[in-house]
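Topology and contacts: notes
Spelled out, the chains give:
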Amino acid sequence: MKKSIPFSYVIITGFMLFALFFGAGNLIFPALLGQQSGSNVLTANLGFIITGVGLPLLGILAFAISGKNDLQDLASRAHPIFGYAFTIILYLSIGPLFAMPRTGTVSYEIGVQPFLSGDSGAWPLIIYSIVFFGLTCFFSLKPAKIVEVVGKYLTPALLVVIAILIVTVLVNPIGSPQEATEAYSSNAFFKGFQEGYLTMDTLAAFVFGIIVINSVKNIGIKDRKSILGFTWKAAVIAAVLLALIYTSLSYLGATSVAGIGQLDNGGSVLAGVSDFYYGSAGNILLGLIVFGACLTTSIGLVTACSSYFSRLLPNVSYNVLAVVLSVFSAVIANAGLSNIITFSVPVLTIIYPLAIVLIFLTFLHDVIGGSRAVYLTSLLFTFAVSLMEGLNAAGIPIPGVQQFLTENLPMYTLGLGWLLPAIAGAIIGYVIYLATKPSKTEFNKANAR
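Keep in mind the model is a prediction, meaning the values are calculated, not measured.

Quick word on the overall build of the chain
Summing up its helical and strand segments, the chain has 21 helices and zero strands in all. Overall, the chain is about 80 × 55 × 40 Å in size when its C-alpha atoms are taken along their principal axes. Counting only residues that meet the buried cut, the chain has 53% of its 449 residues in that class. Of the roughly 19,200 Å² of accessible surface on the chain, a fraction of 67% belongs to carbon and sulfur atoms. Charged side chains in the chain number 20 positive and 16 negative. The centres of these two groups are separated by 23 Å.

In structure tokens:
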């Protein structure tokens, strides 16, 4: 008899998934987008939601559909070497190099630093990093409890605190949206689309999808169709919550310029709005929002990264890796938010298109006959362009190549130059697949031997 899944567990898992996704960047980037896009906020927000909500949703579903146990198995459909390289780089990006340290730094700069007087030096951040990642490590050492801890307790508390600020803004906005800045005056949709990269959620979807699938397996559900149905429902709950909050934060930013001026980062926007409405109490409220959002994401990332690297390094236990990653993240966090973001942008520009293409190829897996040629050529063509975009973002463009791509490759200046090469690569790969595919007669003869 097929075991049914309680709907309450679906809701709890959906809340957990939302909390895992909703971290540092998910708070600061929509608010800044709203300020800068001004009267074009709806268009820019739509682009942001596609990469910040739509693609992560598809990533989780793609993973569930694939039936694979981890990202490495999925990425190895292109080639085992690609599977190893892509998975390791992705885990390092959303783990100890960028995303995990960012959770600690953002929560410090927004939730703690405003209460410090003058130049307080390096020690407050050092102490905060130790405490923050100490808590992260504590919860991460009990991975079986992550659904209960995050889904039942931390997420509802986080939603209540966020709702207080958002409802206040919706009922009594500071002002009306101002004229868009130069970056959003034209092509606001594509600018918003690129800003969604910075959340890293599409990359994290491959990782958090494993947590969701394992959570349903832990209650005895093994049927693939039931797992997919459960994953779909939980992912939609998380996606709806994310879309509503992103839209609200974008609106918050767009209506705030009249009262607090044009600021240079989303953390300052949130702090300014909170102070405008609530004064010092608003800073405390904002601190609670940021701390809750960042802590839940940090727990999920340490849990996922430790699980993967413990399989990659069988002689090193999960607990040891959880401690090492937490300590390493605490150290990197002290580099400061601006430096972490600066170093992350080129890497994300290179690997994000690869993740997007991998998602869509997974959905088309049966259509393309599971052909390795399709995966490999499409991803190779994508990488050729995204690498150039990444070098450009890092400030080390290859002059002749960059000029050629800018002048001849459609959508290159919009950050989507990889799209047509990805499609062309898939088509070429499929032609190769058809040309080398054995006929039914040859196939039957081979199997008869």
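Following the structure, the description resumes.
Points about the layout of surface pockets
Here the largest pocket defines a volume of roughly 520 Å³. In this structure, the largest pocket is lined by 19 residues; those nearest its centre are K191, Q194, T349, L414 and G415. Within the residue set of the lining of the largest pocket, elements represented by two or more residues are helix 10 (188-195), helix 17 (337-363) and helix 18 (372-393). When grouped by side-chain class, the residues that make up the lining of the largest pocket number nine nonpolar, seven polar and three charged.

Description of the environment of A239
Tracing the backbone through its elements, the reader meets A239 in helix 12 (residues 224-254). On the accessibility criterion, A239 (10% relative accessible area) is buried. Between the C-alpha atom of A239 and that of G14, which follows or precedes it by 225 residues, the distance is 8.7 Å. Contact partners of A239, with chain neighbours within four places excluded, come to V53 and L57.

Here's the deal with a nonpolar patch on the surface
Nonpolar side chains collect at one region of the surface, where W123, I127, V131, L135 and F291 lie side by side and expose about 500 Å² of accessible area between them. No other element matches the four residues that helix 7 (residues 123-140) contributes to the nonpolar patch. Mapped onto the elements, L135 comes out in helix 7. For L135, a relative accessible area of 33% corresponds to the partly exposed category.

Looking at empty space enclosed by the protein
Overall, the coordinates contain three cavities of 30 Å³ or more when judged by the stated rule. By volume, the largest cavity amounts to about 110 Å³. Around the largest cavity, the lining comprises 17 residues; the ones closest to its centre are A99, T199, D201, T297 and L301. Residue assignment for the lining of the largest cavity shows that the elements contributing at least two residues are helix 1 (7-21), helix 2 (24-37), helix 6 (99-111), helix 11 (201-217) and helix 15 (280-312). The space that makes up the second largest cavity amounts to roughly 50 Å³. Considering the residues around the second largest cavity, the lining is formed by F21, G52, V53, P56, L57, I60, A235, A238, A239 and L242. At the level of secondary structure, the elements contributing two or more residues to the lining of the second largest cavity comprise helix 3 (41-66) and helix 12. The element that contributes the greatest number of residues to the lining of the second largest cavity is helix 3, accounting for five residues. Its residues placed into classes, the lining of the second largest cavity shows nine nonpolar, one polar and no charged.

Focus on the pattern of salt bridges
In this structure the tally under the stated criterion is two salt bridges. Across the salt bridge formed by D70 and R311, the nearest N and O atoms sit 3.8 Å from each other. Of the two residues, D70 sits in the loop between helix 3 and helix 4 (71-75) while R311 sits in helix 15, which places them 241 residues apart along the sequence. Owing to a relative accessible area of 12%, D70 belongs among the buried residues under this scheme. The partly exposed category is assigned to R311, whose relative accessible area is 45%.

Structural notes on the confidence of the model for the chain
Per-residue confidence for the chain gives a mean pLDDT of 87; residues scoring 70 or more make up 93%. For the stretch residues 442-449, pLDDT sits under 50, and the model shows zero contacts to residues farther than four places along the chain or on other chains.

Quick look at the packing of aromatic side chains
Tallying each qualifying case throughout the model produces 20 aromatic pairs. Arranged with centres 6.1 Å apart and planes meeting at 65 degrees, the rings of F193 and Y197 form a pair that is edge-to-face. Note on accessibility: F193 and Y197 belong to one class, buried. Three or more aromatic residues joined by ring pairs form one cluster here, namely Y108, Y128, F132, F133 and F291.

Procedures and definitions
Residues numbered from 1 in each chain as written. Predicted model: local features only at pLDDT ≥ 70, side-chain atom pairs only at ≥ 80, totals over all residues. Heavy atoms only, no water. Helix = DSSP H or I, 4+ residues; strand = E, 2+ residues; numbered from the N terminus. Buried < 20%, exposed > 50% of the residue type's maximum accessible area, 1.4 Å probe, protein only. Areas by Shrake-Rupley, 256 points an atom, 1.4 Å probe, with all protein chains shown as cover. Lys, Arg positive; Asp, Glu negative; His and termini not counted. Charge placed at Lys NZ, Arg CZ, Asp CG, Glu CD. 1 Å grid on protein atoms, 1.4 Å probe; cavity = no way out; pocket = protein on both sides within 12 Å on 5 of 7 lines; lining within 4 Å. Points joined across faces, edges and corners; volume = space filled by probe spheres on them. Nonpolar A, V, L, I, M, F, W, Y, C, P; charged D, E, K, R; others polar. Contact = heavy atoms within 4.5 Å. Patch = residues over 30% accessible without salt bridge, like charges linked within 9 Å, V, L, I, M, F, W, Y side chains within 5 Å. Salt bridge = Lys/Arg side-chain N within 4 Å of Asp/Glu carboxyl O. pLDDT = per-residue confidence, 0-100. Phe/Tyr/Trp six-rings, centres within 6.5 Å; stacked < 30°, edge-to-face > 60°.

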